[in-house]
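# Summary of structural features
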Amino acid sequence: MINIIAILEVKNREEFNKFETQAIQIMRSHGGKLVAAFEPDTSFSSDSDGIEVHYIQFPDLDRYNNYRADPALAVLPQLRSRAIHNTQLYVSDKVKDYA
């Protein structure tokens, strides 16, 4: 299982929603799942205005790489550039159990 945390700096919410709707459909076609998406509560989070956090899973690295290389995703960069200022990705196939 591949676990991904994406921290997105949204610059246009309407364009972001359009982009995400299309990207999620492409992600699902590769076995990806958006487990959770949220905007941090600014009263509890520092410097979080315009931030959205996504927790995403893929069954394996090959499917994640296939999603990233999908030609359908490659036609979305203009929409993405209008929607998102910056993205930080954290990708791992290692899970720690502190229990």
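An account of the accompanying structure is given in this report. Please read these numbers as outputs of a predicted model, since none were measured by experiment. (Residues numbered from 1 in each chain as written. Predicted model: local features only at pLDDT ≥ 70, side-chain atom pairs only at ≥ 80, totals over all residues. Heavy atoms only, no water.)

## Considerations on the packing of aromatic side chains
Just so we agree on the cut-off: Each pair of aromatic rings taken from Phe, Tyr and Trp, with Trp reduced to its six-membered ring, is defined by centres within 6.5 Å and is described as stacked if the planes are under 30 degrees apart, edge-to-face if over 60, and tilted in the remaining cases. Exposure classes here rest on a 1.4 Å probe applied to the protein chains alone. A residue is buried below 20% of its type maximum, exposed above 50%, and partly exposed in between.
Within this structure, the stated rule accounts for 2 aromatic pairs. With centroids separated by 5.4 Å and ring planes inclined at 65°, the aromatic side chains of Phe 58 and Tyr 64 adopt a geometry described as edge-to-face. For the pair Phe 58 and Tyr 64, one class covers both residues: buried. Taken together, the ring pairs connect Phe 58, Tyr 64 and Tyr 67 into an aromatic cluster.

## A word on the pairing of strand β1 (residues 2-10)
Note the following rule: A pair of strands is considered paired only if DSSP assigns at least 2 bridges between the two. Only DSSP runs of H or I reaching four residues or more are called helices, and only runs of E reaching two or more are called strands; each is numbered from the N terminus.
Across 8 bridges, the pairing between β1 and strand β3 (residues 51-58) is antiparallel. In the sheet register, Glu 9 faces β3, and the bridge partner there is Ile 51. In this structure, β1 lies alongside strand β4 (residues 84-92), joined through 8 bridges in antiparallel fashion. Within β4, the residue paired with Ile 4 across the bridge is Val 91.

## A short note on helix α1 (residues 13-29)
An α-helix turns once every 3.6 residues. As a result, residues three or four positions apart point the same way. Put simply, the test is: The span one expects for a helix is its residue count, reduced by one, times 1.5 Å. Throughout this description, a polar contact denotes any pair of N or O atoms lying within 3.5 Å of each other; where both atoms belong to protein, one of them has to be capable of donating a hydrogen while the other can accept it, and for residues adjacent in sequence the pair is counted only when both atoms sit in side chains.
Taking 1.5 Å per residue, 17 residues should reach 24 Å; α1 reaches 24 Å between its end C-alpha atoms and fits that length. Two or three places before Glu 14, at the start of α1, stands the capping residue Asn 12, its side-chain oxygen 3.1 Å from that residue's backbone nitrogen. Just downstream of α1 lies Gly 31, where phi reads positive at about 85°.

## Structural notes on the layout of surface pockets
Keep this limit in mind: Detection works on a 1 Å grid of protein atoms alone, calling trapped sets that fit a 1.4 Å probe cavities and calling open sets with protein on both sides within 12 Å along at least five of seven lines pockets, with lining residues defined by an atom within 4 Å of a point. Grid points are joined across faces, edges and corners, and a volume is the space filled by probe spheres set on the points. Think of it as three bins: nonpolar holds Ala, Val, Leu, Ile, Met, Phe, Trp, Tyr, Cys and Pro, charged holds Asp, Glu, Lys and Arg, and polar takes everything else, Gly as well.
One number sums up the size of the largest pocket: a volume of about 370 Å³. Along the wall of the largest pocket there are 21 residues; nearest its centre are Phe 19, Tyr 67, Arg 68, Leu 73 and Arg 80. Listing elements by their share of the lining of the largest pocket, those giving two or more residues are β1, α1, β3, α2 (61-69), α3 (71-74), α4 (77-83) and β4. Looking at the lining of the largest pocket, the element that brings in the most residues is α1, giving 4 residues. Counted by class, the lining of the largest pocket contains 16 nonpolar, 2 polar and 3 charged residues.

## A look at the nonpolar core
Definition in use: Each nonpolar core is a collection of buried residues, namely Ala, Val, Leu, Ile, Met, Phe, Trp, Tyr and Cys, held together in the definition by side-chain atoms within 4.5 Å. Here a residue-residue contact requires only that any non-hydrogen atoms of the pair lie within 4.5 Å.
Within the largest apolar cluster, 20 residues are counted, with the highest numbers of intra-cluster contacts made by Phe 19, Phe 58 and Tyr 67. Going through the elements one at a time, β1, α1, β3, α2 and α4 are the ones with two or more residues in this core. In this structure Phe 19 touches Leu 76, Leu 79, Arg 80, Ala 83 and Ile 84, once residues within four positions along its chain are discounted.

Functional significance is not addressed by these values, which are geometric in nature.
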